[in-house]
Amino acid sequence: MADKNSANDEKEVKRKKQTRKMTKILAQAWDLPKAEPYQECDKVSSSGNIFDLSAIGRNLDDGVYKLGRSGWEEFARDIGGVYNRHVSRKTKLAATASEHRDKVCQMLGKINESLIKQATSHCPHDTSSLKSRKRKSDTSSDGASSRRHSVGKKNGEMTSVEREEKAMKDLEAYIEEVGGDRMQVSSFNCRATKKSDGRFDVNFFSESRRFRSMIEVARFFTLVPDKEPPNKKLRSKKRPSNSRDAESEKRKLRKELDKLTKSHQKAMKALDDFCNEQVESQYPVDDDVLLEESKIDGSETPSITCSTCSAARIPDLEGFPGIPSFCIPDLLMVWDFLGTFSRALSLNPVNLEDFVAALSFNPPKEDGAYNATLHHPPVYLAEAHLALLKLLIQDVSSDDWWWSILETDDEGQGEGEGDIASAAIDYKIPVIKIDFAGLLAQEEDPLITASWLQALETVRTAKANEGHKIKQAVKIANAVVANRWVKAYLKKSLTDWKPDSAMFTKRAIIWLIDRVREARPELFGRSVNTKAMMKQRASIVDQVAILMEKMDDSGDIVVVDDLDSDDEEDSDEESDDEEVSESKDIVSEEKKTDEDKEPVKSAIPSKPVPTLVDLLLPPGKPYVGSDIINSFTWPHLAGASVCRLLHRYKRLRNEVDDKLRDGKGLAPMCIGERRQREEASTFRVFSESVATNRFDHNVEKAANCLSKGEQYLNLGTVDRLRILKVLVDAAYDSLRAHEVVDSNYKQRFGAVKALDAEERRAKREAREEAARADQEARNVLALEARKNFIEKKRNELRNLNRRTNEYSDTVIDELTDEDIIEFDDDSKAEYASLPTPQSFNKSEVNIMVKKIQEQAAFNADDVAVIKIDEIGQRDQEEIRDLEDDLKGYENIDVNQLGREGSRRLDRLQRDIEQIKLSPESLSEERENALELLREAIEDGTVKSLKAAIRAATQAKLSGRDVSTGGVWAVDTLRDATLELKSAERRKRVIEAKKELVAKMNKCFIRTEPIGKDRYRNRFWRFDNDENSRVWVECQFVLDEKDSKQEEGFVGLVKQISEVTHGACEKEDDLIEPGSSVESREAFLRFSRQEFHRRGNVPCLVSQYFGGHATERALKGLAKTLDDRGSRERELKGNLKETLEQSGLAVVDVTTSEEGVDESNNGGTEIEEVKREELQESLQRNRHEINNGEGFMESGDEDQLKYTIDVIAQSESFIFPSSLISGMKTSIGERVRVRQIVDPAKDPVLATYNTGRVVGWKLQEQADSGEGDTVETKESYALWKIILDSGGIEVHLNGEDLIESICRYKKWKDNDEKYFEHDASILHYRNSLGRHCGKAADAGYSATPMYLGRLMVKREQELYVSIKSLTYDNTWGGKSGARNVWIASMRDDCHDLQTVKTGLFTLEDAFFQLTGGFPDSMAAPTTSAKDILDDISMRFDVELESIEKNTTLWNSRASREVFLHIMQESSTTGFLALGLDLIFRNCWAYVHANKPTSTTRRSASTIDSSFAPSTRSTRRMNAWQQANQDWY
């Protein structure tokens, strides 16, 4: 009994534990968000149907759920049913119910995974509504209730749940009985639904499928066979009893047969259309599929072969003289930017040849008259640089880099931020401990005290990184001070002094100045009470004493011993300067070595040394309206801007390196490593224009040369390109460029919409035309079928009539088509079964469409297409027919034929003879015509197709077909004619879109390639290129196994060292620490694909660039492309458009007939003999040149030799004979053709274009004799030239040819003595802007003469204001010095030295007018040259009058430095900068000394060289400029 009680107790404990778990799950379900609809509902729950969570809670309270698995399953069904009820019925709460059910299933799954299935499968059913369950008091309600009970009694007392459980057990037993497994129906559930008559309908469910019985479930599992159809007895067909029934049965069968036949035809048509569409839809495919075909020998990468890579074809233009191949991308980029943003820059664009000519311009090296315009850079270069500088300087983005060279490593670190840090530092806190009471008690002359305090005030305005300026102020004060405490304090303040970080010294000095000023107010003229003053001094001493007590004794302290050592150190200071300097050098070297090992603290690069241009520039950033940006100063301003941009790019590169290392968790790099990276930064950023293994020549060196005052023309062509590239790169990042692009994008949107509408219209018209052609073909096919049916029936009637003789032949022939159709029922049925226009399949329709197009193309009713081999057979048949006709005239007397008969006979004989001779003469011509047809079909251009069809017609590849009355043509000619129609349609569409495309191109966004080939080589065409050249950008192959050199193609195989340049990437910053070797190599190969597709080079790789300009070259590019690839198909279409748009013309630039006569008629007897021999040779070769109309590709040796001999005797030939000696033939020679732009308006302006000699011919020239002399004809040689620019064809005579060949050789070799005086680029004038002044003066705007005039103009603006401030006017007084100076500047200023002398005279005059230097100002101890050579002293040089000085210059040293810079200058640009500096200082003097009552000058006379600034220090960085309120 005790065991039983203990078992019961244990079971009760388990039941309570189970109930607590169920209650916990129920509580979590109750607290789910949006659970209110499931907590209680209006349906009354029963034992079998639980509708809400409240009912489950009541069951838990009543202990309904049994202990163990059955109780958990019942609980899971109940709580899952609450949600399944909504999910199954898809109520508005279904989504929320599904989410809640999933969360509840997760809770149940922690108990047992099988409970999830119970919770998701059970769904309660509503047996009645809440209202029907309410008790009613009336009798009808009781009657209904009794009936319900009676029905329930009748069907048993089982509930719905019990019925469902019983049905599931029966189903499991039945499935097992028929050979299945009970587990097959484990996922099934059952639903018992009560019908209106009281019976129950039981259904089984599996997921969303319903089964009405157990046998259906068994059939679903294929355990029992499907339901057999009822066994119906087949009715035997009765034989027709009479002929009428038989005919009726036949008609029915015939109709059924026709219906089946039509269905079969329809199905076959659908199948045929599907097969045709599948064939057409195979292409285009992705180009990677084509790349797989290019792989050879099982290699992983495709092979670049000449047959598949169009980019490997030898181009017409591979480069320019003086421009290395690796600089071609930069050249194109800079030229495209200047042309694309021409309106934003206010700069007229030029063609590529003129841009290269301007970039590689060098002044002529020859004797003769001096031309000032030829010894300065071309006007276009000046306009381009000025446009870029104005765009950059006026842009807000330039604030980020203009002040970048003033940043130091201390900035952003809390100390060393210059005045930013000064604004945040409390200078009332002392940094040096000193006996301040003893300092004040030391006796000193008040004037001396005021002097050293005034000298130290300079420290207050100096920045912390201007260490030399602070130290100089301390030295000056130390030389004046007599107070030993102050001397010791000043010395102690310099203990932690650094040239680029003197914040400690600055804080110490400012604290001393402020405290002394507070303690001794009487030093500055203030009238104070002595008693009050002493009281204030005592208060200040007490405050300082408190602060000194708080300071640490381990810091800097001034003690009494320091006072005793001051005298000895001061006396020995001068004698020990050299030893100190040497020791400082040793210490600095050791310190530098130690610093190299320290980690970096900032991304700011080391501060560069100020250049001479920096000393001459104003403190603030120049703005566009200033006089400092002009045609004189642009080279040096460009150099200064590039230096700043490079410094900014170094900082950005450092920031990227630091972020990468921080992201990878790497330690910061040391200062030494950072310096090494900064030295190579220009080769990492601008390495596209860095030659291989030439790191000493870079853009930074070129910019420094300009900043030092060197001539712009002293730079090489590559250096000039580098300067422009840096400026263009910065212009791309400017806000102005972004605004232009954004505006164009918005405008382009409308143009693109219009263009899309036009394209949709063209496609719609093409579809409509194709639909019309399709329908026409179907109608023709239907008519042919009807015609064939009528003819067939008519023949059947004839055959039938021969047997029956019922009708006569006349009656049958007179039968109409309708009569034949209505002849009998069979005819009607057959006619009704004829195919309709829509029943023909696609292949039949396409064949008919092509046939109709052929007839329209050849304008004939019938076109017979034959092979080339069948032409001979047709010729033989035609000969036989003509000979048969000729035999008819054998027995006829010729005299009896008459005129018409004789003419007919002669024509027959002539035709027979011509046809017999045609195979011999036309065989080669026909082969050439067929080749032209194939090439034209490949090109797809209207011009090439028309020319090929014309040649094919002349070669008799088509003719009239006598048998059919139509036309016969060779299949290739037929294809070319159809392609011509398609090309004409495409051209009409292009012409219709031409205006829209031009409008869209004006709204440029960026230059995009016109396409890529399968190897992803890019093809470019620039809108500004008038010659429609296509540039190919191709990657070199870095593996010799991948490709081989072939004739006519570029050798793309290169060694890695030949094509790599620039600094290697620092890949250690990219690799994850601790990664495996395999992952490291895979990542490096992936990241290196940025440089080359192979991923085996960690630096930039040169790209091969070649320009294709001629029609032949563009056709060659298109021919190599494969239409099957998507990229190459698009590229091929764009190349065809380029061919259509390119205007290739023939230009004859031979001399006049008189000139030819003179060149061929004058001369010595030897020339006469040679001419006679040449004429005989010409007569022998006359039959080879087709009467002088065709060009030959060889055989010009005799004509060239004769031309060279004649020219060698001419005095007008200016080129050395060595250039043409040994030349046998001119075919293939390169030439540089000179062409006059407009002989009538401007005969001195010419264009020069390079080209190649491709052929020659003999040109006949009439020579009329005098008097009765018979007119003779002489022949002279004419050579054909194809120019590189647009493939234009040019014809030259012998003299012009030889000069063009010599001119090209001189031009290619960059001969110093070769100069094109009449080149169009030298006469360039900018009509969109006046950066260099008026168009008439632009060529002279940088000459000394114009600088002299500018000096006179600026002097006149200033003189009136400055003369009123002086009493001793020795400049504009009676001495006449000013008038003499003005006259010399206007009339005699023709060279640089004269302008320089005039500038010195003007400076001296204004210096005297401003009063000169006071006698108290000490003379400098160091010469100007030494100051500029000393890097540390150059930081302290200040030429700008930024203080309220009483003279023109800050000090004597400043003036000497300025005069030294001007004396050593060799450019008008530096003199112009010096002139602007003089006038800025003069205006500062005028503003500082003008009377208060004087009215301000007008805005037109105010100097505007620099932006207004409230700041008095030298320069501001970007932060300081934006926050001037601190100052």
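Residues numbered from 1 in each chain as written. Predicted model: local features only at pLDDT ≥ 70, side-chain atom pairs only at ≥ 80, totals over all residues. Heavy atoms only, no water.

Visitor: What is the right way to look at the overall build of the chain in this model?
Guide: Counting its secondary structure elements, the chain contains 56 helices and 17 strands. Scored against the burial criterion, the 1527 residues of the chain give a buried share of 43%. Within the chain, contacts between residues at least 6 apart in sequence are counted, and of these 73% link residues at least 24 apart. As displayed, the chain offers around 83800 Å² of accessible surface, 49% of which is attributable to carbon and sulfur atoms. (Helix = DSSP H or I, 4+ residues; strand = E, 2+ residues; numbered from the N terminus. Buried < 20%, exposed > 50% of the residue type's maximum accessible area, 1.4 Å probe, protein only. Contact = heavy atoms within 4.5 Å. Areas by Shrake-Rupley, 256 points an atom, 1.4 Å probe, with all protein chains shown as cover.)

Visitor: Explain the sheet that holds strand β9 (residues 1030-1035) to me, please; I cannot follow it from the model alone.
Guide: Two strands in a sheet stick together by hydrogen bonds in their backbones, pointing the same way (parallel) or opposite ways (antiparallel). Strand order in the open sheet made by the 4 strands is β7-β8-β9-β12, with antiparallel pairing throughout. The sheet is open, and its two borders are formed by β7 (1011-1012) and β12 (1103-1108), each paired with just one other strand. (Pairing = 2+ DSSP bridges.)

Visitor: Mind showing me how you'd approach a positive patch on the surface here?
Guide: The grouping of Lys753, Arg760, Lys763, Arg764 and Arg767 at the surface amounts to a positive patch. Exposure remark for Lys753: the relative accessible area of 51% places this residue in the exposed category. (Patch = residues over 30% accessible without salt bridge, like charges linked within 9 Å, V, L, I, M, F, W, Y side chains within 5 Å. Salt bridge = Lys/Arg side-chain N within 4 Å of Asp/Glu carboxyl O. Lys, Arg positive; Asp, Glu negative; His and termini not counted. Charge placed at Lys NZ, Arg CZ, Asp CG, Glu CD.)

Visitor: Looking at this structure, how should I read a nonpolar patch on the surface?
Guide: The grouping of Val609, Ile1431 and Phe1435 at the surface amounts to a nonpolar patch, some 220 Å² of accessible area in total. Mapped onto the fold, Phe1435 is located in the loop between α53 (1431-1434) and α54 (1452-1464).

Visitor: Any chance you could explain the side chain of Ser397 here in plain terms?
Guide: Along the polypeptide, Ser397 turns up in the loop between α15 (379-393) and α16 (399-402). The class for Ser397 is buried, based on a relative accessible area of 17%. What Ser397 contacts, discounting residues up to four positions off in sequence, is Asp733, Ser734 and Leu735.

Visitor: Is there a simple way to explain the pattern of salt bridges in this structure?
Guide: Between side chains of opposite charge, pairing is possible as soon as their charged atoms come close. Scanning the model with the defined rule gives 49 salt bridges in all. The salt bridge involving Arg1018 is made with Glu1033; its shortest N-O contact spans 3.2 Å. With Arg1018 in strand β8 (residues 1018-1020) and Glu1033 in strand β9, this pair connects stretches of sequence that are 15 residues apart. Residue classification places Arg1018 among the partly exposed positions, given a relative accessible area of 30%. A relative accessible area of 11% means that Glu1033 is categorised as buried. Taken together, the salt bridges that share partners define one network made up of Asp627, Arg1354, Glu1440, Asp1476 and Arg1480.

Visitor: Looking at this model, I keep getting lost on helix α47 (residues 1197-1208). Mind explaining?
Guide: Note: α-helices contain 3.6 residues per turn, so residues at a spacing of three or four share the same orientation. Compared with an ideal rise of 1.5 Å per residue, which puts 12 residues at 16 Å, α47 spans 16 Å between its outermost C-alpha atoms and is within 8% of the ideal. Listed in full, the buried residues belonging to α47 are Gln1199, Leu1200, Tyr1202, Thr1203, Ile1204 and Ile1207. (Expected span 1.5 Å × (residues − 1).)

Visitor: What should I look at first to understand the packing of aromatic side chains in this one?
Guide: We describe a pair of aromatic rings using the distance from one ring centre to the other and the angle between the two ring planes. The full count for this structure, using the stated rule, is 26 aromatic pairs. Between Trp335 and Phe1022, the aromatic rings sit 5.6 Å apart at their centres with planes inclined by 75°, giving edge-to-face as the arrangement. With Trp335 in helix α12 (residues 328-340) and Phe1022 in the loop between β8 and β9, this pair connects stretches of sequence that are 687 residues apart. One exposure class covers both Trp335 and Phe1022, and it is buried. One aromatic cluster is present, formed by Phe188, Phe211, Phe220 and Phe221 through successive ring pairs. A cation over an aromatic ring shows up here: Arg1378 above the ring of Tyr1359, its NZ or CZ 4.3 Å from the ring centre. (Phe/Tyr/Trp six-rings, centres within 6.5 Å; stacked < 30°, edge-to-face > 60°. Lys NZ or Arg CZ within 6 Å of the ring centre and 35° of its normal.)

Visitor: It is not clear to me how a negative patch on the surface should be interpreted in this structure. Could you clarify?
Guide: Together, Glu877, Asp881, Asp884 and Asp885 give the surface a local cluster of negative charge. Given a relative accessible area of 48%, Asp884 falls into the partly exposed group.

Visitor: Help me understand the nonpolar core, please; the structure alone is not making it clear to me.
Guide: A general trend in soluble globular proteins is that nonpolar side chains are found buried together. With 134 residues, the main nonpolar core has Leu338, Phe355, Trp1031, Phe1406, Leu1439 and Ile1461 as its most contacted residues. Sequence-distant contacts of Phe355, that is, excluding residues within four places in its chain, are made with Leu331, Val334, Trp335, Leu338, Val350, Tyr380 and Leu724. Grouped together as the second largest cluster of nonpolar side chains are 39 residues, Ala473, Ala502, Leu512 and Met551 included. (Core = buried A, V, L, I, M, F, W, Y, C linked by side-chain atoms within 4.5 Å.)

Visitor: Please clarify how the environment of Thr836 should be interpreted in this entry.
Guide: Summarising the element assignment, Thr836 is placed in the loop between α35 (825-832) and α36 (842-858). Separated by 57 residues in the primary sequence, Thr836 and Asn779 place their C-alpha atoms 8.4 Å from one another.

Visitor: Just to check I follow, could you spell out the environment of Asp826 for this structure?
Guide: With respect to the element layout, Asp826 can be found in helix α35. A sequence separation of 575 residues divides Asp826 from Arg251, and the C-alpha atoms of the two residues are 9.0 Å apart.

Visitor: How should the pairing of strand β6 (residues 966-970) be read in this particular structure?
Guide: The side chains of a regular strand alternate, first on one face of the sheet and then on the other. Among the 5 residues in β6, 5 count as buried, and that is most of the element. Bridge count between strand β4 (residues 863-866) and β6: 4 bridges; the pairing is parallel. Looking at the pairing, Ile866 lines up with Val970 of β6. Pairing of strand β5 (residues 958-961) with β6 involves 4 bridges; the strand directions are antiparallel. Residue pairing across strands places Asp961 opposite Gly966, the latter belonging to β6.

Visitor: Help me understand the sheet that holds β4 in this model?
Guide: The sheet built from 3 strands is open, its strands ordered β4-β6-β5 with mixed pairing. Of all strands in the sheet, those bounded by a partner on one side alone are β4 and β5. Each adjacent strand pair in this sheet contributes to an overall mean axis angle of 25°, direction not counted. On the sheet, α36 packs against β4 and β6 and is oriented at approximately 105° with respect to β4. (Axes fitted to C-alpha atoms, helices over the stretch in contact; angles between N-to-C directions.)

Visitor: What exactly am I supposed to notice about helix α32 (residues 735-804) here?
Guide: With 70 residues, α32 should reach 104 Å at 1.5 Å per residue; the first-to-last C-alpha distance of 101 Å fits that figure. A maximum bend of about 25° is found in α32 at Arg748. Two residues or fewer after α32 comes Asn805, characterised by a positive phi angle close to 55°. (Bend = angle between axes of the 7 residues up to and from the residue.)

Visitor: What is the right way to read unusual backbone geometry from this model?
Guide: With glycine set apart, most residues show a phi of negative sign, and most peptide bonds adopt trans. Even without being glycine, Lys34 reaches a positive phi, approximately 60°. Phi is positive for Asn859, close to 55°, though the residue is something other than glycine. Among the structural elements, Asn859 can be located in the loop between α36 and β4. Classification of Asn859 as exposed rests on a relative accessible area of 69%.

Visitor: What am I meant to see in the packing of α32 against α35 here?
Guide: Following both chains from N to C, one finds α32 and α35 inclined at 160°, their axes separated by 11 Å at the closest point. The angle between α32 and α35 places the two elements in the roughly antiparallel class. Crossing angle aside, the handedness with which α32 passes α35 is right-handed. Contacts between α32 and α35 involve Arg786, Phe789 and Lys793 from the first element and Ser827, Glu830 and Tyr831 from the second. For the contact of α32 with α35, the class distribution of residues is 2 nonpolar, 1 polar and 3 charged. (Parallel < 35°, antiparallel > 145°, perpendicular 65-115°, else oblique. Left-handed = near helix turned anticlockwise from the far one by under 90°. Nonpolar A, V, L, I, M, F, W, Y, C, P; charged D, E, K, R; others polar.)

Visitor: Just to check I follow, could you spell out the confidence of the model for the chain for this structure?
Guide: Should pLDDT be low for a region, the predicted coordinates there are not to be read in detail. Of all residues in the chain, 78% have pLDDT values of 70 or greater, and the mean over the chain is 76. Across the chain, the element-wise mean pLDDT spans from 35 in helix α45 (residues 1153-1161) up to 92 in α15. For the stretch residues 409-424, pLDDT sits under 50, and the model shows 44 contacts to residues farther than four places along the chain or on other chains. This model gives residues 1143-1188 a pLDDT under 50, and the stretch forms 67 contacts once residues within four places in sequence are excluded. (pLDDT = per-residue confidence, 0-100.)

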